[in-house]
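If you want the building blocks of each chain, they are given just below.
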Amino acid sequence: MSSAHHRGIGMTSMRTRNRLIDRLSEEGIKNQGVLEVMRGTPRHIFVEEALASRAYEDTALPIGLGQTISQPYIVARMTELLLEDGPLKNVLEVGTGSGYQTAVLAQMVGRVYSVERIEPLLQQARGRLREMGLKNIRMKLSDGGMGLPEYAPYDGILVTAAPAGIPLALVEQLRVGGRLVLPVGSAREQVLVKVVKTEDGYDKEILEQVVFVPLLGGVQR
Ligand code: SAM
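In this text the structure is predicted, and so the values were computed from the model without any measurement. (Residues numbered from 1 in each chain as written. Predicted model: local features only at pLDDT ≥ 70, side-chain atom pairs only at ≥ 80, totals over all residues. Heavy atoms only, no water.)

### Observations concerning the overall build of the protein chain
A tally of regular secondary structure across the protein chain gives six helices and nine strands. Its C-alpha atoms give the protein chain principal-axis dimensions of about 55 × 40 × 35 Å. Burial analysis of the protein chain (221 residues in total) assigns 52% to the buried set. Of the contacts formed within the protein chain by residues at least 6 apart in sequence, a portion of 56% connects residues at least 24 apart. As displayed, the protein chain has an accessible area near 10,200 Å², and 50% of this comes from carbon and sulfur atoms. Separation of charge centres in the protein chain, based on 26 positive and 25 negative side chains, amounts to 6 Å. (Helix = DSSP H or I, 4+ residues; strand = E, 2+ residues; numbered from the N terminus. Buried < 20%, exposed > 50% of the residue type's maximum accessible area, 1.4 Å probe, protein only. Contact = heavy atoms within 4.5 Å. Areas by Shrake-Rupley, 256 points an atom, 1.4 Å probe, with all protein chains shown as cover. Lys, Arg positive; Asp, Glu negative; His and termini not counted. Charge placed at Lys NZ, Arg CZ, Asp CG, Glu CD.)

What follows is the structure, encoded as structure tokens:
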């Protein structure tokens, strides 16, 4: 990525970023910490150069290999839900994608573990997060449907691709009181769900309709 690219975007980005943050707040995002972190996070470095001028629109954009960078509203909403009960030490993210949600999370929690099943996407995201200087992130090429048991239990788990139902392996890897925020449903219709682990199971709350790519099995190199 050229420095001209950075500079060019930099000239307009503060105004367009502010406009995006105003919009998120109008759409109901209340957590000021989330809004400020998103104002300061350069979303344009997480998309291809050709799409950089659209990076501060409140829309999902293609990132190649049939995947998307999530809509800023959804990133804000999921982060806000995850942090609703206060600060979190360790969070698992399933579906790194571009790495943008990872970057937002890493500025708000102690440590982020992020897994992605498509290797080229993971590598690109790793480069961008390094460029941002974020050091509290561990990334792994893996099928996140089974979670990442080696670092469990997690205070929070955020899933950015939709399974048909709540994956029990993920609930098991939460500490009691920990929360899982994820889209659940078919390829066409999904709802955003918040799950809180209890001593003897979990509580579930259905929040709003969303559109995500499906959670798929296996690893793609
Ligand atoms: N939050 C990401 C961002 O802002 O760029 C959005 C990621 S995209 C909507 C969902 C990602 O989940 C894709 O990159 C996809 O490859 C990944 N994914 C799908 N199934 C997965 C699985 N079982 N394990 C890990 N990653 C998975």
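Picking up where we left off.
### Some thoughts on the site of the ligand
The environment of the ligand is made up of 26 residues, and the closest members are Ser98, Glu116, Asp143, Gly144 and Leu216. Measuring from an oxygen atom of the ligand, one finds a backbone N or O atom of Ser70 at 3.3 Å. Considering the ligand on its own, with 600 Å² of exposed area, one finds that the protein chains cover 99% of that surface. Contributions of two or more residues to the shell around the ligand are made by strand 2 (67–69) and strand 4 (111–116). Looking at the shell around the ligand, the element that brings in the most residues is strand 2, giving three residues. (Near = heavy atom within 4 Å. Polar contact = N/O pair within 3.5 Å; in protein donor to acceptor, adjacent residues only side chain to side chain.)

### With respect to helix 2 (residues 32–40)
Turning to helix 2, its buried residues number three or more, namely Val34, Leu35, Val37 and Met38. The buried residues of helix 2 all sit within an arc of 165° when viewed along its axis, so they share a single face. (Arc of directions from axis to C-beta.)

### Looking at the packing of aromatic side chains
Under the definition given, this model contains three aromatic pairs. Look at Phe46 and Tyr100: their rings are 5.7 Å apart centre to centre, the planes differ by 70°, and that puts the pair in the edge-to-face class. Of this pair, Phe46 sits in the loop between helix 2 and strand 1 (61–64) while Tyr100 sits in helix 4 (residues 100–106), placing them 54 residues apart in sequence. Residue Phe46 shares its accessibility class with Tyr100, and that shared class is buried. (Phe/Tyr/Trp six-rings, centres within 6.5 Å; stacked < 30°, edge-to-face > 60°.)

### As for the pairing of strand 9 (residues 201–210)
Taken together, the nine bridges between strand 8 (residues 190–198) and strand 9 define a ladder with antiparallel strand orientation. The partner of Thr198 across the bridge, within strand 9, is Gly201. The turn joining strand 8 and strand 9, which pair antiparallel and follow one another in sequence, is formed by two residues. (Pairing = 2+ DSSP bridges.)

### As for the pairing of strand 1
One ladder, built from three bridges, connects strand 1 with strand 2; its direction is antiparallel. Looking across to strand 2, one finds that Pro62 is bridged to Thr68. Between the end of strand 1 and the start of strand 2, which pair antiparallel, lie two residues, with Leu65 showing a positive phi angle near 55°.

### What about the pattern of salt bridges?
Counted under the stated rule, the structure contains 13 salt bridges. Note that Glu57 is salt-bridged to Arg54, the shortest N-O span being 3.1 Å. Here Arg54 falls in the partly exposed class, since its relative accessible area comes to 36%. Connected through salt bridges with shared partners, the residues Glu84, Asp85, Arg179, Lys194 and Glu205 form a single ionic network. (Salt bridge = Lys/Arg side-chain N within 4 Å of Asp/Glu carboxyl O.)

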